[in-house]
Amino acid sequence: MKHRYLEAGKIVNTHGIAGEVKILPWADEPAFLLDFDTVYIDGQPVKVRGARVHKNCVLVKLEGVEDVNAAMRLRDKVVCIDREDVDLEEGAFFLADLMGLEVRDAENGAVLGQIHDVLTLPASNVYVVKGGEREHMIPAVPEFIVETNVDGGYLLVRLIEGM
């Protein structure tokens, strides 16, 4: 089941004295968060009055957050986005939508388990697949991933000996 609201980052600090917050984004690129007019904090919509990328973070001015004290109260809060506000490219998907997908061996159709976690590593993401007593760590690269079908609820993989 796809959730409407997706965790997109965490407020890690304040910036300046005018109430800006620094968000560490949980996206491929920090600039992804610049496209949103509204974010959700504690389930409540908050208008974005301004945003810009700063190093690997995004500095955001939120409506109703007028000074550093108000910004400090938001520290460590998770920022969510509405998936309906996003136009993903063809074939792109949210990592959150992979969780729980059934993983099948493309060679023989055997069910290996379900995606339990996604490790975001520098070289590539790695899918942690758990099934029974077994755990597989499968790099999310074309050599191993045959098909990702989020709507169909499965992932087809090509394993090598020892995986």
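In this report, the structure presented in the accompanying data block is examined. Bear in mind that the values here come from a model prediction, so they are computed numbers and not experimental data.

**Describing the nonpolar core**
Consideration 1: In this structure, Val21 and Leu62 are the most contacted members of the largest nonpolar core, which totals 22 residues.
Consideration 2: At the level of secondary structure, the elements contributing two or more residues to this core comprise β1 (5-15), β2 (20-25), β3 (38-41), β4 (44-54), β5 (57-62), α1 (68-72) and β6 (78-82).
Consideration 3: Contacts of Val21, omitting those with residues within four sequence positions, involve Ile11, Asn13, Thr14, Val58, Leu59, Val60, Leu62, Ala71 and Leu74.
Consideration 4: Residues Leu101, Ile145, Val150 and Val157 belong to the second largest nonpolar core, which totals 14 residues.

**Side note on the sheet that holds strand β12 (residues 154-157)**
Consideration 1: Taken together, the 6 strands give an open sheet; going across it, the order is β10-β9-β8-β7-β12-β11, and neighbouring strands pair in mixed fashion. The sheet is open, and its two borders are formed by β10 (134-139) and β11 (145-149), each paired with just one other strand. Across this sheet, the average inter-strand angle for adjacent strands is 30°, counted without regard to direction.
Consideration 2: Pairing analysis gives 3 bridges linking strand β7 (residues 102-105) to strand β8 (residues 111-120), with the strands arranged antiparallel. Pairing of Arg104 across the sheet is with Val111, part of β8.

**Describing the sheet that holds β1**
Consideration 1: Pairing within the closed barrel is antiparallel, and its 6 strands lie in the order β1-β2-β5-β4-β3-β6. Geometrically, the sheet is characterised by an average inter-axis angle of 50° between neighbouring strands, direction not taken into account.
Consideration 2: As defined by bridge partners, β2 adjoins β5 across 3 bridges and the pair is classed as antiparallel. Paired with Val21 across the bridge in β5 is Val60.

**Structural notes on unusual backbone geometry**
Consideration 1: In this model, Asp42 sits at a positive phi of 55°, which is unusual for a non-glycine residue.
Consideration 2: Within the fold, Asp42 resides in the loop between β3 and β4.
Consideration 3: Residue Lys55 is not a glycine yet carries a positive backbone phi of 60°.
Consideration 4: Examined against the element boundaries, Lys55 turns out to sit in the loop between β4 and β5.
Consideration 5: Taking the relative accessible area as the measure of exposure, Lys55 reaches 72% and is therefore exposed.

**Examining the pairing of β4**
Consideration 1: The pairing of β3 with β4 spans 4 bridges and is antiparallel. When the sheet's bridge partners are listed, Thr38 is paired in β4 with Lys47.
Consideration 2: Connecting β3 to the antiparallel partner β4 that follows it, the hairpin turn spans 2 residues, and Asp42 within it adopts a positive phi of roughly 55°.
Consideration 3: By the bridge criterion, 6 bridges tie β4 to β5 in an arrangement that is antiparallel.

**With respect to the packing of aromatic side chains**
Consideration 1: In total, this model carries 2 aromatic pairs according to the counting rule given.
Consideration 2: Both rings, one in Tyr5 and one in Tyr40, keep their centres 4.7 Å apart while their planes meet at 55°; by these two values the pair is tilted. Here Tyr5, found in strand β1, pairs with Tyr40, found in strand β3; they are 35 residues apart in sequence, far enough to count as distant.
Consideration 3: With a centroid separation of 5.3 Å and an interplanar angle of 65°, the aromatic rings of Phe32 and Phe36 are classed as edge-to-face.
Consideration 4: Taking relative accessible area as the criterion, Phe32 reaches 26% and is therefore assigned partly exposed.
Consideration 5: On the basis of relative accessibility, which here comes to 4%, the residue Phe36 falls in the buried class.

The rules we used
Going along each chain's sequence as written, the residues are numbered from 1 onward. In view of the model being predicted, local features appear only for residues whose pLDDT reaches at least 70, and side-chain atom pairs are presented and counted only at 80 or more, with totals across whole chains, interfaces and linings using the full set of residues. To get the side-chain values, all heavy atoms of the structure are used, and hydrogens and water are removed first. What makes a nonpolar core is a set of buried Ala, Val, Leu, Ile, Met, Phe, Trp, Tyr and Cys residues whose side-chain atoms join them at distances within 4.5 Å. When accessible area is computed with a 1.4 Å probe and restricted to protein chains, residues below 20% of their type maximum are described as buried, those above 50% as exposed, and intermediate ones as partly exposed. A run of H or I in DSSP counts as a helix once it spans at least four residues, and a run of E counts as a strand once it spans at least two, with each numbered from the N terminus. Residues are treated as being in contact if the distance between any of their heavy atoms lies within 4.5 Å. When DSSP finds two or more bridges between a pair of strands, those strands are recorded as paired. Note on geometry: axes are C-alpha line fits, over the in-contact stretch for helices, and angles between N-to-C directions span 0 to 180 degrees. When the centres of two rings from Phe, Tyr and Trp lie within 6.5 Å, Trp using its six-membered ring, the rings pair. Their planes under 30 degrees apart give stacked, over 60 give edge-to-face, and anything left gives tilted.

Remember that the coordinates give geometry; whether it matters functionally is a separate question.
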